[in-house]
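Structural features, examined
Listed below, chain by chain, are the residues.
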Amino acid sequence: MSSHDRQPEPALRGRRQFCAMLAGSLVIPSLAWANKTRTEAVLYASVGPEFTLYRIEAGSLALSKNASVILPANVQYVWPHPSKKLLYVAYSDRAGGSAGNVHGVALLRVDERTGEAESFGETLQLDNRPINITVNRSGTNLLIAFNDPSRLDVYEINADGSLGAQVKQKQFIDPGIYAHQIRVAPSDQTAILVTRGNDPASGHPEDPGAIKAFDLHDGQLTNEQSIAPGSGYGFGPRHVDFHPSGPWMYASMERENQLQVFSLRNGRLSAAPLFVKTTLLEPAKVRPGQVAGPIHVSRDGRFVYLANRSDGTADFEGKKVYVGGENSIVVFRIDPQTGEPTLIQRMPTQSFHARTFALHPDGKILITASVAPMLVRDGDTIETVAAALTVFRVQDNGTLTFVRKYDVDTSAGPMFWVGMMALGNGWPTNTA
């Protein structure tokens, strides 16, 4: 069903029920954090519907769990307002073959001294799973990507940061197949919709992928450009990020286990990638469940980080056991003249399927989050490796040093999102 097919009118739901959940679930201890530096930050991580605040100890990089907010359904993605201390939190109960019936975007207001969150404004009720959201850089619009069926909606953001009406589009939008991310370029005049497509499965042929660029003005998406080398077959982008000063966009190719680089000039993408790099140590030995994941360019534009994810299993003594693969953060140095990425490190995450990771605002900490536990075979023994938050220190040359790992109980749901948010003077631009 395309974006011009009839859809139920979304409505802004009263916040009474959500506020009640917040009041019952958010217990923040007193935190005396006076005179903090500009890059003081906290970590947020979601497990199912639980949205948890962690404090980061500056010297040791130790994490301390401080509080949790319970959302109406599993957290899908989070994006900060560019200037106000507000978080837009997408949630959905859609899972597996169930379409679910609880989908929306909630607003949380964050105390800039402590990271404490509370509800703000009204919750936006949606008719399907919002897999990804973003806010334009002027803070006037919320853009929402839906994966199945693929769709892209735009909403107004009021002067106080609360959500307004949906922006009815004047031009038809081709949302591709399986939209997976929506981003706004540094110019604030170009929106990028990443549509992954699907591998062939169960007798169904491959669905082609694409990266779509739109002019963005006053919430209107126009002049759509679709980049799909090979008509989109063998082209499966997942996420993109932008160089902060150069005309380059970096794309994580989920189905190809690659990093591809496109030029982005005057709102138009190059028809083909400028550079193609494998993310794998053994690209000729791709095991089941091996895919590329999230991607972030450092705020200084010197490095790009991308996750390898692996969670394929096979039957062993009646249980689904990991078959092997690569779970790592791949680090590339960026040539400041050409934008070409050069591999400098592959760092194991010491966990399985890191669906999300985050960079500290000052670029000196990276934290990965794995989705769920994994059964691993050791000879004839089967062990459970827990889902985890893995903390790395980022060196001046961009490489990662392992610091510690925290096991996380994901019985409430998958660990889908993490992000580090600056306290005090502003938000970071790169959220996971």
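Now for a look at the structure at hand. Think of each chain on its own: its residues are numbered from 1, step by step along the sequence as written. At least 70 in pLDDT is required for a residue's local features to be given in this predicted model, at least 80 for side-chain atom pairs to be given and counted, and no such filter applies to totals for whole chains, interfaces and linings, which use all residues. To obtain the side-chain values, all non-hydrogen atoms of the structure were included, while hydrogens and water were left out.

1. Notes on the overall build of the protein
Condition: Strands are runs of DSSP state E lasting at least 2 residues, helices are runs of H or I lasting at least 4, and numbering of each runs from the N terminus. Under the scheme applied here, a residue whose accessible area is under 20% of the maximum for its type counts as buried, over 50% as exposed, and between as partly exposed, the area being computed with a 1.4 Å probe on protein chains only. Here, two residues are considered to be in contact whenever any of their heavy atoms come within 4.5 Å of each other.
A count of helices and strands for the protein gives one helix and 35 strands. Taken over 432 residues, the protein has a buried fraction of 55%. Taking the contacts inside the protein whose residues are at least 6 apart along the sequence as the reference set, 55% of them involve residues at least 24 apart.

2. Some thoughts on the sheet that holds strand β11 (residues 141-147)
Keep this limit in mind: Strands are labelled as partners when DSSP assigns at least two bridges between them. With axes taken as lines fitted to C-alpha atoms, and helix axes fitted only over the stretch in contact, angles between N-to-C directions fall between 0 and 180 degrees.
Ordered in space as β10-β11-β12-β13, the four strands form an open sheet in which the pairing is antiparallel. Whereas interior strands pair on both sides, the edge strands pair on one side only; in this sheet they are β10 (130-135) and β13 (163-166). Between one strand axis and the next, the sheet turns by 30° as a mean value, whatever way the strands run. Relative to β11, β10 is paired through five bridges, and the arrangement is antiparallel. Bridge pairing in β11 links Val135 to Leu142.

3. Focus: the pattern of salt bridges
Opposite charge on two side chains allows them to pair when their charged atoms are near. Applicable threshold: Salt bridge, as applied in this entry: a Lys or Arg side-chain nitrogen positioned within 4 Å of an Asp or Glu carboxyl oxygen.
Counted under the stated rule, the structure contains 18 salt bridges. The salt bridge partner of Asp127 is Arg151, with a shortest N-O separation of 3.0 Å. Here Asp127, found in the loop between β9 (123-125) and β10, pairs with Arg151, found in strand β12 (residues 150-157); they are 24 residues apart in sequence, far enough to count as distant. Residue class for Asp127 comes out partly exposed when judged on its relative accessible area of 26%.

4. Structural notes on the environment of Leu193
Here Leu193 shows up in strand β15 (residues 190-195). For Leu193, a relative accessible area of 0% puts it in the buried group. In this structure, the C-alpha to C-alpha distance between Leu193 and Ile211, residues 18 residues apart in sequence, is 5.9 Å. The residues touching Leu193, leaving out its near neighbours within four places in the chain, are Ala145, Leu152, Pro175, Ala179, Gln181, Ile182, Ala210, Ile211, Lys212 and Phe214.

5. A word on the pairing of strand β29 (residues 354-359)
Here β29 lies mainly inside the structure; six of its six residues are buried. One ladder, built from five bridges, connects β29 with strand β30 (residues 365-370); its direction is antiparallel. Following the sheet pairing, Leu359 is matched in β30 by Leu366. As consecutive antiparallel partners, β29 and β30 are separated by five residues, and within that stretch Gly363 has a phi angle of approximately 75°, a positive value.

6. Looking at the nonpolar core
Note the cut-off: Here, the term nonpolar core denotes a set of buried Ala, Val, Leu, Ile, Met, Phe, Trp, Tyr and Cys residues that are joined through side-chain atoms within 4.5 Å.
Formed by 37 residues in total, the largest nonpolar core has its most connected members in Tyr44, Phe51, Leu87, Tyr88, Val105, Leu142 and Ile144. Considering every element that reaches this core, the biggest residue donor is strand β6 (residues 86-92), with six residues.

7. As for the sheet that holds β15
Read from one edge of the open sheet, four strands run β14-β15-β16-β17, paired in antiparallel fashion. Looking at the sheet topology across the chains shown, the edges are occupied by β14 (179-184) and β17 (220-227). Between one strand and the next, the sheet's axes are offset by a mean angle of 20°, whatever the strand orientation. In this structure, β14 lies alongside β15, joined through five bridges in antiparallel fashion. Considered in β15, the bridge of Arg183 is made with Ile192.

8. What about the packing of aromatic side chains?
Short version of the rule: A pair of Phe, Tyr and Trp rings is counted when the ring centres sit within 6.5 Å of each other, with Trp represented by its six-membered ring. The angle between the planes then sorts it: under 30 degrees is stacked, over 60 is edge-to-face, the rest tilted.
By the definition in use, this model includes five aromatic pairs. A centroid spacing of 5.2 Å and a plane angle of 10° characterise the contact between Tyr44 and Phe51, whose relative ring orientation is stacked. Exposure remark for Tyr44: the relative accessible area of 1% places this residue in the buried category. Of the residues examined, Phe51 reaches a relative accessible area of 2% and is grouped as buried. Note on Phe392 and Phe402: the rings are 6.2 Å apart at their centroids and 70° apart in plane angle, and the pair reads as edge-to-face. On the criterion of sequence distance, the pair formed by Phe392 in strand β33 (residues 387-394) and Phe402 in strand β34 (residues 400-408) is long-range, its members being 10 residues apart.

9. Quick notes on the pairing of strand β35 (residues 417-422)
For β35, a buried count of six out of six residues is recorded, marking the element as mostly surrounded by other parts of the structure. Residues Trp417, Gly419 and Met421 of β35 are buried on one face, and the alternating residues Val418, Met420 and Ala422, pointing to the opposite face, are buried as well. Both strand β2 (residues 41-47) and β35 contribute to a ladder of six bridges, which runs antiparallel. What sits directly across from Ala45, in β35, is Val418.

10. Here's the deal with unusual backbone geometry
In this structure, the amide linkage connecting Asp148 to the following residue, Pro149, adopts the cis form with an omega of -5°. On the secondary structure map, Pro149 appears in the loop between β11 and β12. At Tyr178, a position not held by glycine, the phi torsion is positive, near 60°. You can see Tyr178 is positioned in the loop between β13 and β14. Of note in the backbone geometry, Ser202 takes a positive phi value of approximately 50° without being a glycine.

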